[in-house]
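Notes for the structure review
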Amino acid sequence: MVIEPRSWETTGYWGPTDPEQHPAVRLVRERFPDAFEEATVFRDEMTIRVARPALRDVVDFLRLHPELRYNHLTDITAVDLLSLRERPRFDVVVHLYSIPRRQRLRVKCGVDDGEMVPSLVPIFAGANWLERECYDMFGIVFEGHPDLRRILLPEDWDEGHPLRKDYPLRGYRDYVQPGYEAPAPRIRGTLRRPGP
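Read on for an overview of the structure. (Residues numbered from 1 in each chain as written. Predicted model: local features only at pLDDT ≥ 70, side-chain atom pairs only at ≥ 80, totals over all residues. Heavy atoms only, no water.)

**Re the nonpolar core**
Grouped together as the largest cluster of nonpolar side chains are 43 residues, with contacts concentrated most on Val28, Leu62, Ile76, Val94, Leu96 and Ile140. At the level of elements, α2 (23-31), β1 (36-42), β2 (45-50), α3 (55-64), β3 (72-80), β4 (90-98), β5 (103-111) and α4 (127-138) are the ones that each hand at least two residues to this core. The contact partners of Val28, leaving out residues within four places of it in the chain, are Pro33, Phe36, Ile48, Val50, Val58, Phe61 and Leu62. (Core = buried A, V, L, I, M, F, W, Y, C linked by side-chain atoms within 4.5 Å. Buried < 20%, exposed > 50% of the residue type's maximum accessible area, 1.4 Å probe, protein only. Helix = DSSP H or I, 4+ residues; strand = E, 2+ residues; numbered from the N terminus. Contact = heavy atoms within 4.5 Å.)

**Details of the environment of Pro33**
Structurally, the position occupied by Pro33 is in the loop between α2 and β1. On the basis of relative accessibility, which here comes to 56%, the residue Pro33 falls in the exposed class. The sequence separation of Pro33 and Val50 amounts to 17 residues, and the corresponding C-alpha distance is 9.7 Å.

**Some words on α2**
Of the residues making up α2, those classed as buried are Pro23, Ala24, Val25, Leu27 and Val28. In this fold, the buried residues of α2 make contact with β1, β2, α3 and β5.

**A short note on the packing of aromatic side chains**
Scanning the model with the defined rule gives two aromatic pairs in all. Relative to Phe138, the ring of Phe90 has its centre 6.3 Å away and its plane inclined at 80°; by these criteria the two rings are edge-to-face. Linking Phe90 in strand β4 with Phe138 in helix α4, this pair joins segments that are 48 residues apart in sequence. Across the pair, Phe138 and Phe90 agree in class, each one buried. In this arrangement the basic side chain of Arg31 is found over the ring face of Phe32, its NZ or CZ atom lying 4.9 Å from the centre. Across the ring face of Phe124, the terminal group of Arg63 is positioned such that the distance to the ring centre comes to 6.0 Å. (Phe/Tyr/Trp six-rings, centres within 6.5 Å; stacked < 30°, edge-to-face > 60°. Lys NZ or Arg CZ within 6 Å of the ring centre and 35° of its normal.)

**Overview of the environment of Phe138**
Since its relative accessible area comes to 6%, Phe138 is described here as buried. Remark: the alpha-carbon pair of Phe138 and Val79, spanning 59 residues in sequence, is separated by 8.4 Å. Apart from the residues lying within four places of it in its own chain, the contact partners of Phe138 are Ala78, Val79, Asp80, Phe90, His161, Leu163 and Arg164.

**Let's talk about the sheet that holds β2**
Here five strands make up an open sheet; going across it, the order is β1-β2-β5-β4-β3 and the pairing mixed. Two strands in the sheet have a free side with no partner beyond their single neighbour: β1 and β3. Neighbour-to-neighbour, the strand axes of the sheet open up by a mean angle of 20°, direction not taken into account. Of the strand pairs in this sheet, β4 and β5 are connected by nine bridges, and their pairing is antiparallel. In the strand pairing of β5, Ser98 is matched with Gln103. (Pairing = 2+ DSSP bridges. Axes fitted to C-alpha atoms, helices over the stretch in contact; angles between N-to-C directions.)

What follows is the structure in structure tokens.
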């Protein structure tokens, strides 16, 4: 007996690319009519944009609904859209994956500087470090996070958030490494190739 592979095993199918046929879009639109903003497709992956206050409720709904079961949080990140649009400045991007259905989904919400985003830590414990990274790099505050502090930079870093598009390439001032009195000199010179 020969078992034929299912279509997604041979084609890399990640779900319907028509927003009207995608079950996550349909169910989120029905359940959260006021929070649902739009659904877009890019490279065969669906993105749902929702209102910022409803982000936690939408993600929890996507995780628990028996028809969807997006039960794995892949990533939380942000995008600084400083020169691309006026408001909101940032997009918080949540990447979800349904292990039983083998489908990916991206959920976005817009946030302005100084606004808070609902934390996803009560839903996914792995969101803890991902939200701390977003806070550290972009300055986005997650409301309800149990321990929101810097994760990549020193806790006393007072020069802002490095992944913002208005952040200077080398920082606002020279960083003095602990134990030294002055910043390390910048080395300039030609590149030397090893050899005879």
